[in-house]
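As a plain string of letters, each chain reads:
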Amino acid sequence: MADADLLRSLGIDPADLAPAPPWTPRQSASLERLDGRHPCALCGEPARATGAVDLPGHGRRWLDRCMPCLLATTPRGGPRGPLADTVAVLREAAREAGVALTIVADES
């Protein structure tokens, strides 16, 4: 997911994010941001993770998040194998557990 798409999906205005430094010294600058003074861009709790996003028209910006928001908003990608294999595993697990299961999948 592109940085701009991530912010759009989270409802964050790039103009509300602080400017980030160029690529090179970013590591030390990231550590300095995690001093408890910067709020999570989503919930306002103290940020425990930060990263720079590159946004057209806004340049590089800091995206500060607390751990729960980071985990909830980090794109994880889709299944690692074919969808049919994933569905088969889910159906078998439901059968073994004695649970009724309906699977709806978008194969596009």
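Residue indices begin from 1 for each chain and proceed along its sequence in written order. Residue-level local features of this predicted model are given only where pLDDT is at least 70; pairs of side-chain atoms are given and counted only at 80 or more, and the full residue set underlies all totals for whole chains, interfaces and linings. Side-chain figures throughout are based on the complete set of non-hydrogen atoms in the structure, without hydrogens or water.

1. Let's talk about the pattern of salt bridges
Part 1 of the argument: Only one rule defines a salt bridge in this text: a Lys or Arg side-chain nitrogen within 4 Å of an Asp or Glu carboxyl oxygen. Taken as a whole and assessed by the stated rule, the structure comprises four salt bridges.
Part 2 of the argument: Between Arg 33 and Asp 64 there is a salt bridge, and its shortest N-O distance comes to 2.5 Å. Of the two residues, Arg 33 is situated in helix 2 (residues 26-33) and Asp 64 in strand 2 (residues 59-65); the sequence distance between them amounts to 31 residues.
Part 3 of the argument: Classification of residues uses two cut-offs on accessible area relative to the type maximum, computed with a 1.4 Å probe and protein chains only: under 20% is buried, over 50% is exposed, and between them is partly exposed. Residue Asp 64 is classed as buried on the basis of its relative accessible area, which comes to 7%.
Part 4 of the argument: Two residues, Arg 37 and Asp 35, come together in a salt bridge whose shortest N-O distance is 2.6 Å.
Part 5 of the argument: Residue classification places Arg 37 among the exposed positions, given a relative accessible area of 63%.
Part 6 of the argument: We classify Asp 35 as partly exposed; its relative accessible area is 38%. Helix numbers and strand numbers start at the N terminus; a helix is a DSSP run of H or I with at least 4 residues, a strand a run of E with at least 2.

2. Digging into the side chain of Arg 33
Part 1 of the argument: With a relative accessible area of 12%, Arg 33 lands in the buried category.
Part 2 of the argument: A polar atom in the side chain of Arg 33 sits 2.5 Å from the side chain of Asp 64.
Part 3 of the argument: Arg 33 has contacts with Ala 18, His 38, Thr 50, Trp 62 and Asp 64, leaving out every residue within four places of it along the chain. Pairs of N or O atoms within 3.5 Å make up the polar contacts considered here, provided that, within protein, one atom can donate a hydrogen while the other can accept it, and that residues adjacent in sequence are counted only when both atoms are side-chain atoms. Contact between two residues is taken to exist if any of their heavy atoms lie within 4.5 Å; hydrogens are not considered.

3. Looking at the state of the cysteines
Simply put, the disulfide is a covalent bond whose two ends are the sulfur atoms of two cysteines.
Part 1 of the argument: The disulfide criterion is simple: two cysteine sulfur atoms within 2.5 Å. Applying the stated criterion to the full structure yields zero disulfides.
Part 2 of the argument: The structure places no disulfide on Cys 40, whose sulfur is separated from the nearest cysteine sulfur, that of Cys 69, by 3.7 Å.
Part 3 of the argument: The closest cysteine sulfur to the non-disulfide-bonded Cys 43 is located on Cys 66, 3.6 Å from its own sulfur.

4. With respect to the confidence of the model for the protein chain
Part 1 of the argument: Across the protein chain, the average pLDDT comes to 85, with 92% of residues at 70 or higher.
Part 2 of the argument: By mean pLDDT, helix 2 is the weakest element of the protein chain at 75, and strand 2 is the strongest at 93. Each residue gets a pLDDT score, which is the predictor's confidence in that residue and runs from 0 to 100.

5. A few points about the pairing of strand 2
Looking along a regular strand, one sees the side chains alternate between the two faces of the sheet.
Part 1 of the argument: With six of seven residues buried, strand 2 is to be regarded as a mostly interior element.
Part 2 of the argument: Strands are treated as partners if at least two bridges between them are detected by DSSP. Bridge analysis of strand 1 (residues 49-55) against strand 2 gives seven bridges, and the strand direction is antiparallel. Note on strand 2: the bridge partner recorded for Ala 52 is Trp 62.
Part 3 of the argument: Taken together, strand 1 and the strand that follows it, strand 2, pair antiparallel across an intervening segment of three residues, in which Gly 57 is found at a positive phi of about 85°.

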